[in-house]
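Results of the structural survey
Listed below, chain by chain, are the residues.
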Amino acid sequence: MPSPTLVVLIQALDGVAAACFGIMVPLITSDVAGRSGHYTLSLGVVGFAIGIGATLSTTVAGWLTDRFGITAAFGGLAVAGLAATLFVWGAMPETRAGG
């Protein structure tokens, strides 16, 4: 059983990560779509994508764990995270060398 101190530390770090995420999503959306006049629509689409990703990741990870074990579930989620990172790297000019 995890110690209460460890649980509180993990929850605190989760709160910091959520705050960073909550600040960065609107800022990046504004940077990408702010001048187009479709900021609110873009923010809604991004929020929808985040919600679908959160829903599907737990569902797929649970299925992978039941079917193939916990190592496959972590591997599958790692592959999805890598794919998302590569997508952002390719889609956002700021992330490219010389961009």
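Our subject is the structure listed above.
Residues numbered from 1 in each chain as written. Predicted model: local features only at pLDDT ≥ 70, side-chain atom pairs only at ≥ 80, totals over all residues. Heavy atoms only, no water.

Summing up its helical and strand segments, the protein has three helices and zero strands in all. Helices (α) and strands (β) of the protein occur, in sequence order from the N terminus, as α-α-α. Radius of gyration (C-alpha) of the protein: 17 Å, far over the 13 Å computed for a compact globule of 99 residues. Oriented by its inertia axes, the alpha-carbon framework of the protein measures out at about 50 × 30 × 30 Å. Of all 99 residues assigned to the protein, the portion counted as buried reaches 7%. (Helix = DSSP H or I, 4+ residues; strand = E, 2+ residues; numbered from the N terminus. Rg over C-alpha atoms; globule rule 2.2 N^0.38 Å. Buried < 20%, exposed > 50% of the residue type's maximum accessible area, 1.4 Å probe, protein only.)

This part covers the packing of aromatic side chains. In total, this model carries one aromatic pair according to the counting rule given. Both rings, one in Trp63 and one in Phe68, keep their centres 5.8 Å apart while their planes meet at 80 degrees; by these two values the pair is edge-to-face. (Phe/Tyr/Trp six-rings, centres within 6.5 Å; stacked < 30°, edge-to-face > 60°.)

With that settled, consider the packing of helix α2 (residues 39-68) against helix α3 (residues 70-91). The relative placement of two packed helices comes down to the angle between their axes together with the axis-to-axis distance. Contact geometry of α2 with α3 gives a least axis separation of 7 Å together with a crossing angle of 145 degrees. The chirality of how α2 crosses α3 is right-handed. From α2, Ser57, Ala61, Leu64, Thr65 and Phe68 reach across to α3, where they touch Ile70, Ala72, Ala73, Gly76 and Leu77. Grouping the amino acids of the contact of α2 with α3 by side-chain chemistry returns seven nonpolar, three polar and no charged. (Axes fitted to C-alpha atoms, helices over the stretch in contact; angles between N-to-C directions. Left-handed = near helix turned anticlockwise from the far one by under 90°. Contact = heavy atoms within 4.5 Å. Nonpolar A, V, L, I, M, F, W, Y, C, P; charged D, E, K, R; others polar.)

This part takes up the environment of Thr65. Note that Thr65 resides in helix α2. Along the backbone, Thr65 and Leu86 are 21 residues apart, and their C-alpha atoms lie at a distance of 25 Å. Look past the residues within four positions of Thr65 in its chain and what remains in contact with it is Ile70 and Ala73. A polar side-chain atom of Thr65 sits 2.8 Å from the main-chain carbonyl oxygen of Ala61. (Polar contact = N/O pair within 3.5 Å; in protein donor to acceptor, adjacent residues only side chain to side chain.)

Before going further, it helps to spend a moment on the packing of helix α1 (residues 4-33) against α2. Relative orientation of the contacting elements α1 and α2 amounts to 135 degrees, with a least axis distance of 9 Å. With respect to α2, the element α1 is oriented oblique. Relative to α2, the crossing made by α1 is right-handed. For the pair formed by α1 and α2, the contact residues are Phe21, Val25, Pro26, Thr29, Ser30 and Ala33 on the first element and Tyr39, Ser42, Leu43, Val46 and Ile50 on the second. Tallied by class, the residues present in the contact of α1 with α2 amount to eight nonpolar, three polar and no charged. (Parallel < 35°, antiparallel > 145°, perpendicular 65-115°, else oblique.)

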